[in-house]
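Single-letter residue listing:
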Amino acid sequence: MVSRYVYGKMIETESVLNKPEKTEGVLPYFKVNETEMTFSYDMGEKDKVYGLGENVRGINKRGWIYESKCSDQMNHHEDTRALYAGHNFFVVSGRELFGIYIDYPGILTFDVGYTCYSEFKITASDWNLDVYVITGSDIRDIVKQFRRLIGRSYIAPLWGFGYGQCRWSYMTADEVREVARRHRELDIPLDSVYLDIDYMERYKDFTINEETFPDFEKFVEEMKEQHIHLVPIIDAGVKQEEGYSVYEEGLEKGYFCTREDGTPFVGAVWPGKALFPDMLNPEARDWFGNQYRFLLDKGIEGFWNDMNEPAVFYTEESLEAAIEEISGMRGQNLDLDKFWHFKDLVQRLSGNENDYTKFYHNMNGEKIRHDRVHNLYGYNMTRAAHDAFERLEPEKRILMYSRSSFIGMHRYGGLWQGDNKAWWSHLLMNLKMMPSLNMCGFLFTGADIGGFGTDSTEDLVMRWLELGIYTPLMRNHAAMGTRKHEVYQFENTEGFRHVIRMRYRLIPYIYSEYMKAVLNDDMMFRPLAFDYPEDELASEVEDQLMVGDGMMIAPVYTQNATGRCVYFPEKMKLVRFTKEGEQQEEIISAGYHYIHIGLTDVVFFIRPDHLIPLSSGGQYMDEVDFENLSFVSYLIHGAKYEYYHDNGYEKDYENPDHIRVIELEA
Ligand code: GLC
């Protein structure tokens, strides 16, 4: 059951499509303090809190403080409070069971037993919000009801599930060719190569550097002949430069965010000074969306939207003030406080909250200061793209995912989990984020495999791929200046080939489970606690997941480990695929077991009376045969599997012919 409680008058976010009538009376579960603008819940000792989408820390969010404040977080750690998203949905499970969604476009704080272990306190930055309370028979049921409210999740084209290789940046077409060539030569499957900001002419959206990427259209075609899609990045900020048509047209039409006095707001991002399209103004959004045509017309079929929190490195005035103050420090003895202040002056320039109070949106004729709607920006950039794709390429599924997001954006694109590091802890974080993102409707997601911001290692890339083979988005990415970590940079070619190939063998299952999760408003990745609610040990497992109907995974996330402890809530079958081509199976009883998982082993577990369909693989998605399947199964009485398969490109998702029931007898 869903109830909606209304406080003040919220600025419409359009995250909820199917709004129930407002409920009169007192909000259940939480104490409301209007003066302090807080909601507090008294948590029982064993209460757990799930959800909040993209955030650091556990599957159970208890014990930390999180903020919904979309932020460019190049250096996030365990103590980071806000990542790139505003995902205000959670479920409390313990003494009571309920879900809450706070529909609110500004900044919210979720203190989940951080200040006081027994208190869950939510603080809003103004008192205009809707609170949805959802009750149901179990957590999954609550999630489904929530997902029904917010509408169906985005569906990617089949090739978007293939392995993708990215780096900031492949500087020339020849470098991209080299990436493609090395994969094909080594028989390592690949479906896409990404173009980071350097394909553009001086970081100008919707331009191409003709010197480094000559005859782009032909190049796109040449790659497609090899079954490789090029996926360019699009940044939120539009370079301020005379003669640049996107800038000039946007300016002339009044489509950029403005300062209070109506002059355009200028902030710096990659190209230096840039203007920010007013993604919250429907006309400006349409206009920005139409710009994607430039690349669609060149044969591009997928994009990633970046820097759309929006990231602002500095404004002219904040930079000026900092330089002024720093100049005054010349010749001074900078003691501890002064030196720290000096460092702060530069560090605090980027993503500065003050800058977000300096510009305005035009929302259907109403002038709204950015900070009040901050979390809607990236969401609406992605919506701009999606709506344009519907207009310009209505028949096609276009790959689209974003860095910043808000609930509602899940209808328009997926997301990648931002600028992680080549840390083992971030591999685990990738795993932990999957179910909380699924709860919020984000099914097409994955993290930068191998880690983005620091030097990676062969074993980390291998282990990360062993998780990535299950995540809908499977992309290897690394930052400028870091060690190259395309898989062919390392020795163990046979191992990488095997692991990536397993993605293509498993894709009938992964794709089928993804599509069913989308179409049934369900979760593809679930904590064990959701499937085994009565099992206390299962409810504490933070490093294993249920994937789809019948599979459990337990990736290795420790360097030099050749196995790990795995918790089995019930008897399951272990299946191991080795790089030598062997398939080993073993029945494991319920409880804790140490499982050997060699560096290149692909290991997963099957629940009793379940099956996993497998293909024979392929070098790219279009080569995979989804019809002639083999199965791995654990049969006691027999298994029945609902197999979803369409051609991966058309949009007749609901066609009943796409579902086939596969039965295996014991
Ligand atoms: C941002 C993105 C990253 C990209 C870089 C350069 O940091 O998150 O993925 O490589 O910008 O465009």
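Details of the structure are given in the entry above.
Nothing here was measured: the structure is a model prediction, and the numbers come from that model.

The rules behind each value
Residues numbered from 1 in each chain as written. Predicted model: local features only at pLDDT ≥ 70, side-chain atom pairs only at ≥ 80, totals over all residues. Heavy atoms only, no water. Near = heavy atom within 4 Å. Polar contact = N/O pair within 3.5 Å; in protein donor to acceptor, adjacent residues only side chain to side chain. 1 Å grid on protein atoms, 1.4 Å probe; cavity = no way out; pocket = protein on both sides within 12 Å on 5 of 7 lines; lining within 4 Å. Sits in = over half its atoms within 2 Å of the grid points. Nonpolar A, V, L, I, M, F, W, Y, C, P; charged D, E, K, R; others polar. Pairing = 2+ DSSP bridges. Helix = DSSP H or I, 4+ residues; strand = E, 2+ residues; numbered from the N terminus. Axes fitted to C-alpha atoms, helices over the stretch in contact; angles between N-to-C directions. Phe/Tyr/Trp six-rings, centres within 6.5 Å; stacked < 30°, edge-to-face > 60°. Buried < 20%, exposed > 50% of the residue type's maximum accessible area, 1.4 Å probe, protein only. Lys NZ or Arg CZ within 6 Å of the ring centre and 35° of its normal. Core = buried A, V, L, I, M, F, W, Y, C linked by side-chain atoms within 4.5 Å. Expected span 1.5 Å × (residues − 1). Parallel < 35°, antiparallel > 145°, perpendicular 65-115°, else oblique. Left-handed = near helix turned anticlockwise from the far one by under 90°. Contact = heavy atoms within 4.5 Å. Arc of directions from axis to C-beta. Salt bridge = Lys/Arg side-chain N within 4 Å of Asp/Glu carboxyl O.

K.L.:
Is there a simple way to explain the site of the ligand in this structure?
P.N.:
Taken together, the neighbourhood of the ligand is formed by 13 residues, with Asp 196, Asp 306, Arg 403, Asp 419 and His 477 sitting nearest. At 2.9 Å, a side-chain N or O of Arg 403 approaches an oxygen atom of the ligand. Between an oxygen atom of the ligand and a side-chain N or O atom of Asp 419, the distance comes to 2.5 Å. Of all the cavities here, the one that holds the ligand is the largest pocket. Class assignment for the residues of the shell around the ligand results in 8 nonpolar, 1 polar and 4 charged.

K.L.:
Would you take a moment to explain the sheet that holds strand E2 (residues 31-33) for this structure?
P.N.:
Strand pairing in a sheet takes place through backbone hydrogen bonds and is either antiparallel or parallel in direction. Pairing is antiparallel across the open sheet formed by 5 strands, whose spatial order is E2-E3-E10-E9-E5. Here the strands that pair on one side only, and so sit at the sheet edges, are E2 and strand E5 (64-68). This sheet shows a mean twist of 15° between the axes of neighbouring strands, independent of strand direction. Here 3 bridges tie E2 to strand E3 (residues 38-42), and the two strands are oriented antiparallel to one another. Residue pairing across strands places Val 32 opposite Phe 39, the latter belonging to E3.

K.L.:
What is the right way to read the packing of aromatic side chains from this model?
P.N.:
In this description, an aromatic ring pair is defined by two values, namely the gap between the centres and the angle between the planes. What the rule picks out here adds up to 52 aromatic pairs. Note on Phe 256 and Trp 287: the rings are 5.9 Å apart at their centroids and 90° apart in plane angle, and the pair reads as edge-to-face. With Phe 256 in the loop between helix H4 (245-253) and strand E16 (266-269) and Trp 287 in helix H5 (residues 282-290), this residue pair connects regions lying 31 residues apart in the sequence. Plain terms: the ring middles of Tyr 379 and Phe 406 are 6.0 Å apart, the flat faces sit at 15° to each other, and that makes the pair stacked. Taken together, the residues Tyr 379 in helix H9 (residues 377-392) and Phe 406 in strand E23 (residues 405-406) connect sequence positions 27 residues apart. With relative accessibility at 0%, the residue Tyr 379 sits in the buried group. Here Phe 406 falls in the buried class, since its relative accessible area comes to 0%. The ring of Trp 64 has Arg 57 sitting right over it, with the charged end atom 3.9 Å from the ring centre.

K.L.:
What is the right way to look at the nonpolar core in this model?
P.N.:
Across soluble globular proteins, you tend to see nonpolar side chains buried next to one another. In terms of nonpolar packing, the biggest core is built from 204 residues, with Phe 89, Phe 120, Tyr 514 and Phe 604 touching the most fellow members. Ranked by residue count, the leading element in this core is helix H12 (residues 493-519), at 14 residues. By size, the runner-up hydrophobic cluster in this structure holds 18 residues, among which are Met 552, Tyr 567, Ile 595 and Val 603.

K.L.:
In this structure, what is going on with the pairing of strand E20 (residues 360-363)? I would like to understand it.
P.N.:
Where a strand is regular, its side chains alternate between the two sheet faces. Both E20 and strand E21 (residues 366-369) contribute to a ladder of 4 bridges, which runs antiparallel. What sits directly across from His 361, in E21, is Ile 368. Hairpin remark: E20 followed by E21, antiparallel, with 2 residues in the connecting loop; positive phi at Asn 364, about 50°.

K.L.:
Teacher, can you tell me more about H9 here?
P.N.:
Because an α-helix completes one turn every 3.6 residues, residues spaced three or four positions apart along the sequence face the same direction. With 16 residues, H9 should reach 22 Å at 1.5 Å per residue; the first-to-last C-alpha distance of 22 Å fits that figure. Buried residues dominate H9, accounting for 12 of its 16 residues. Listing the buried residues of H9 in full gives Tyr 377, Gly 378, Tyr 379, Asn 380, Met 381, Thr 382, Arg 383, Ala 384, Ala 385, His 386, Ala 388 and Phe 389.

K.L.:
I would appreciate a short explanation of the packing of helix H7 (residues 316-327) against helix H8 (residues 336-347) in the present structure.
P.N.:
A packed helix pair is summarised by two numbers, namely the angle formed by the two axes and the spacing between the axes. For the pair H7 and H8, the least separation of the axes is 9 Å and the interaxial angle reads 160°. What the angle tells us is that H7 and H8 run roughly antiparallel. With respect to the hand of their crossing, H7 and H8 are arranged in left-handed fashion. When H7 is examined against H8, the residues Ala 322, Glu 325 and Ile 326 are found in contact with a partner set consisting of His 341, Phe 342, Leu 345 and Val 346.

K.L.:
Looking at this model, I keep getting lost on the sheet that holds strand E29 (residues 545-547). Mind explaining?
P.N.:
Spatially, E28-E29-E30-E35-E32-E33 is the arrangement adopted by the 6 strands of the open sheet, whose pairing is antiparallel. Looking at the sheet topology across the chains shown, the edges are occupied by strand E28 (525-526) and strand E33 (583-588). Of the pairings in the sheet, the one linking strand E32 (residues 572-577) to E33 comprises 6 bridges and is antiparallel in character. Paired with Phe 577 across the bridge in E33 is Gln 583. Most of the contacts of H12 go to strand E35 (residues 602-606), to which it runs at about 25°, and overall it touches E29, strand E30 (551-553), E32 and E35.

K.L.:
Honestly, helix H3 (residues 216-225) in this entry has me stumped. Any pointers?
P.N.:
Buried residues of H3: Phe 216, Phe 219, Val 220 and Met 223, and no others. Viewed along the axis of H3, the buried residues span an arc of 100°, placing them on a single side of the element. Every exposed residue of H3 that faces more than 90 degrees away from the buried side is listed here: Lys 218 and Glu 225. Against helix H2 (173-185), strand E13 (192-195), strand E14 (229-235) and helix H6 (293-296) lie the buried residues of H3.

K.L.:
Help me understand the pattern of salt bridges, please; the structure alone is not making it clear to me.
P.N.:
When the charged atoms of two side chains lie near each other, side chains of opposite charge can form a pair. Scanning the model with the defined rule gives 47 salt bridges in all. Residue Lys 253 is joined to Glu 249 by a salt bridge in which the shortest nitrogen-to-oxygen separation is 3.6 Å. Taken together, the residues span about one helical turn, with Lys 253 and Glu 249 both in helix H4 at a distance of 4 residues. Here Arg 369 and Asp 371 are joined by a salt bridge, their closest N and O atoms 2.8 Å apart. A relative accessible area of 33% places Arg 369 in the partly exposed class. Through salt bridges that share partners, Asp 72, Asp 306, Glu 309, Arg 403 and Asp 419 make up one connected network.

Geometry only, nothing functional implied.
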